[in-house]
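Architecture at a glance
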Amino acid sequence: MEKKINCFILNGNKNETQDAVNQLKSSGLVNKIFVLSPEKTEIENAESLICKYPFSTETIKLIAEKSNTLYAMVSLQNNGLGVGQFALERMFQVAENTCATLVYSDYFEIKSGIQTSHPVIDFQLGSLRDDFNFGPVQLFRNDILKSFDEQDFFHAGFYSLCLHASRLGELVRIPEFLFTMQESDTRKSGEKQFDYVSANARDKQIEMEKVCTTHLKRIGGLLQPIFREIDFSEGNFPVEASVIIPVRNRIKTIKDAVESVISQKTKFRFNLIVVDNFSTDGTTELLADYARKKMLIHIIPDRNDLGIGGCWNVGIFHEQCGKFAVQLDSDDLYSSENTLQTIVEKFYVEKCAMVIGSYQMTNFDLQEIPPGIIDHKEWTPDNGTNNALRINGLGAPRAFYTPVLREIKVPNVSYGEDYAVGLAISREYKIGRIYEPVYLCRRWDDNSDASLDVVKQNAHNLYKDRIRTIELKARLLKNKQA
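Summarised in this report is the structure supplied together with it. Quick caveat: nothing in here was measured; it's all calculated off a predicted structure.

A look at the overall build of the protein
- Within the protein, the secondary structure is distributed over 15 helices and 18 strands.
- In terms of overall size, the protein behaves like a compact globule, its C-alpha atoms giving a radius of gyration of 25 Å where 482 residues would be expected to give roughly 23 Å.
- Overall, the protein is about 80 × 50 × 40 Å in size when its C-alpha atoms are taken along their principal axes.
- By the burial criterion, 55% of the 482 residues in the protein qualify as buried.
- Roughly 21500 Å² of accessible area belongs to the protein as shown, and the carbon and sulfur atoms make up 49% of that amount.
- Computed over 57 positive and 64 negative side-chain charges, the inter-centroid distance for the protein is 3 Å.

Points about the pairing of strand β18 (residues 431–442)
- Burial analysis of β18 places 9 of its 12 residues in the buried class, which makes it a mostly covered element.
- Bridge analysis of strand β14 (residues 333–334) against β18 gives 2 bridges, and the strand direction is antiparallel. Bridge assignment links Y334 to a residue of β18, and that residue is Y439.
- Pairing of strand β15 (residues 354–362) with β18 involves 8 bridges; the strand directions are parallel. For T362, the partnering residue across the bridge sits in β18 and is R442.

Some thoughts on the side chain of N363
- Here N363 shows up in the loop between β15 and β16 (368–374).
- Separated by 2.8 Å, the side chains of N363 and Q367 make a polar contact.
- Those residues in contact with N363 that lie beyond four places of it in its chain are I369, R442 and R443.

A word on the packing of aromatic side chains
- For the coordinates displayed, the defined rule picks out 20 aromatic pairs.
- Considering the side-chain rings of F132 and F134, the 4.7 Å spacing of their centres and the 55 degrees angle between planes classify their relative orientation as tilted.
- Judged by relative accessible area, F132 falls into the buried class, the value being 8%.
- Geometrically, the ring pair formed by F324 and Y401 is tilted, given 5.9 Å between the ring centres and 45 degrees between the ring planes. Of this pair, F324 sits in strand β13 (residues 324–327) while Y401 sits in strand β17 (residues 398–401), and the two are 77 residues apart along the sequence.
- Exposure remark for F324: the relative accessible area of 0% places this residue in the buried category.
- Residue classification places Y401 among the buried positions, given a relative accessible area of 1%.
- Clustering of aromatic rings is evident, with ring pairs tying together F55, Y104, F123, F132, F134, F140 and F158.
- A cation over an aromatic ring shows up here: K252 above the ring of F364, its NZ or CZ 5.3 Å from the ring centre.

Quick word on unusual backbone geometry
- Along the chain, P370 connects to P371 via a cis peptide bond; the corresponding omega equals 5 degrees.
- One can find P371 in strand β16.
- P397 follows A396 through a cis peptide bond whose omega is 0 degrees.
- One can find P397 in the loop between α12 (384–387) and β17.

Quick notes on the nonpolar core
- Formed by 78 residues in total, the largest nonpolar core has its most connected members in V243, I245, F347 and I425.
- The residues touching I245, leaving out its near neighbours within four places in the chain, are I254, A257, V261, L272, I273, V274, V275, L328, D329 and S330.
- One finds F8, L36, Y104 and F132 within the second-largest nonpolar core, a separate group that totals 31 residues.

A few points about the pattern of salt bridges
- By the definition in use, this model includes 27 salt bridges.
- E150 serves as the salt-bridge partner of R167, at 3.6 Å between the closest nitrogen and oxygen. Taken as a pair, R167 in helix α5 (residues 157–168) and E150 in the loop between α4 (142–146) and α5 lie far apart in primary sequence, 17 residues in all.
- The salt bridge involving E471 is made with R475; its shortest N-O contact spans 2.8 Å. With E471 and R475 both in helix α15 (residues 454–481) and 4 residues apart, this pair spans about one turn of that helix.
- Look at E471 and you get buried, because its relative accessible area is 4%.
- R475 sits in the buried class, given a relative accessible area of 0%.
- One salt-bridge network, held together by shared partners, links R129, D131, D465 and R468.

Re the environment of S336
- Summarising the element assignment, S336 is placed in the loop between β14 and α11 (339–350).
- For the pair S336 and G282, spaced 54 residues apart in the sequence, the C-alpha separation amounts to 27 Å.

A closer look at the pairing of strand β8 (residues 138–141)
- Going residue by residue along β8, you find Q138 and F140 tucked away on one face and L139 and R141 tucked away on the opposite face as well.
- Note that strand β4 (residues 71–75) and β8 share 4 bridges and pair antiparallel. By the bridge assignment, Y71 is partnered in β8 with R141.
- Bridge count for strand β6 (residues 102–111) against β8 is 3 bridges, and the pairing is antiparallel.

Some remarks on the packing of helix α8 (residues 254–262) against helix α9 (residues 283–292)
- Look at α8 against α9: their axes get within 11 Å of each other, and the N-to-C directions meet at 25 degrees. Taken as axis vectors, α8 and α9 run roughly parallel relative to one another. For the pair α8 and α9, the sense of crossing is right-handed. Every residue of α9 that contacts α8 at I254, K255, V258, E259 and I262 is listed here: T283, L286, L287 and Y290.
- Of the residues belonging to the contact of α8 with α9, the class tally is 6 nonpolar, 1 polar and 2 charged.

Section: α5
- Taking 1.5 Å per residue as the helical rise, α5 with its 12 residues ought to reach 16 Å, and the 17 Å between its terminal C-alpha atoms agrees with that figure.
- For α5, the tally of buried residues reaches 9 of 12 residues, placing the bulk of the element in the interior.
- For α5, the complete set of buried residues consists of G157, F158, Y159, S160, L161, C162, L163, H164 and A165.

Here is what the cut-offs are and how they apply
Residues numbered from 1 in each chain as written. Predicted model: local features only at pLDDT ≥ 70, side-chain atom pairs only at ≥ 80, totals over all residues. Heavy atoms only, no water. Helix = DSSP H or I, 4+ residues; strand = E, 2+ residues; numbered from the N terminus. Rg over C-alpha atoms; globule rule 2.2 N^0.38 Å. Buried < 20%, exposed > 50% of the residue type's maximum accessible area, 1.4 Å probe, protein only. Areas by Shrake-Rupley, 256 points an atom, 1.4 Å probe, with all protein chains shown as cover. Lys, Arg positive; Asp, Glu negative; His and termini not counted. Charge placed at Lys NZ, Arg CZ, Asp CG, Glu CD. Pairing = 2+ DSSP bridges. Polar contact = N/O pair within 3.5 Å; in protein donor to acceptor, adjacent residues only side chain to side chain. Contact = heavy atoms within 4.5 Å. Phe/Tyr/Trp six-rings, centres within 6.5 Å; stacked < 30°, edge-to-face > 60°. Lys NZ or Arg CZ within 6 Å of the ring centre and 35° of its normal. Core = buried A, V, L, I, M, F, W, Y, C linked by side-chain atoms within 4.5 Å. Salt bridge = Lys/Arg side-chain N within 4 Å of Asp/Glu carboxyl O. Axes fitted to C-alpha atoms, helices over the stretch in contact; angles between N-to-C directions. Parallel < 35°, antiparallel > 145°, perpendicular 65-115°, else oblique. Left-handed = near helix turned anticlockwise from the far one by under 90°. Nonpolar A, V, L, I, M, F, W, Y, C, P; charged D, E, K, R; others polar. Expected span 1.5 Å × (residues − 1).

What follows is the structure in structure tokens.
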């Protein structure tokens, strides 16, 4: 059999690396195997390549230099890599049949000694997240590696390579479990959710933003910071602002959320609209009691097919909704009595259609927990609207100029609805930012995203990627028509 693949794997535990090399060597397609390591390592049947930063541009170019076969197999997260039956043969077959620039697959993961299936998702136009999961092994066409000539990065080289491959052809997922890897990060999904905004990730985020911005420019999707004017005199509203809380079965937290709104001190009139999505745990009765005291507007929808986004639509189209619609989740609280005043003032100062604040992470007892303050400082006035397509969320609390939100409307889903609206607004309007924490985000076991299995995580990621695809297509069309 003709040798058509060179393999490049990251060095890990020496015995595990040797085992992975032996498995790869058994394939008749493999020409050479290279082990990437910060220092020279002795692995039988493999050549050592020195690289300090596995995901750097320097490493990618080193792989490209040593790639002299039709394809290069790359594995930059070698944690006990296992090679399935005819796995390389299958990847090669699919690559040849589809002319894919990159092939990846589902895999098995071993966590705490237990092997489970880990499906991944299909790559699409809007798969711009720098943490997109391509599994432990990718097969690149050699010409893709050879044509890669990007800016030097320590962290974003591999991300840049994948976007480079997407511009030159199709990235194909094989929905088969071809490899196995050890998973050392056993944290719950909710604990991993904010890794990208931790203080020590700032340099990495700057690199990733540069790569994504360059990619958008090359495909014609980059937007300039030119926004439509906002006329705040439009329409007649009963109050200046409405806080909107969608809720279902949050008897443990809704009282705290309501009280944090009632305690707000403002120079304008505001109200609180709570959309109660058929609670069954006593939440409805508690809210009804507040409503009798005229402290809030308690709405039970007239239909039973609403997610969080649908409940938002009920709130913003209510006759008592104010000029500005301000978000508060039923788990959370405003951090001070001045939050609402601060948010509304920001609208007038920035002349924007949406305001996004910063928040502090706390436990159920309001004690600060890591990573602390989430301020999304990666949002810049010049490039925030473009970088929004890369990051997985825009921040909280969110507030909207009601006429704009009524025009766009909120997708009737219970995950990513805020992100979809934020992307759509950022295409046409300025978004104002508040970088001091004005919101307390409580994390506890009953949070909807506290502990998600891989199927649910994939569904969430697939939805957000689809939202990005839709938005990116709209931006491509906008630029084409300009």
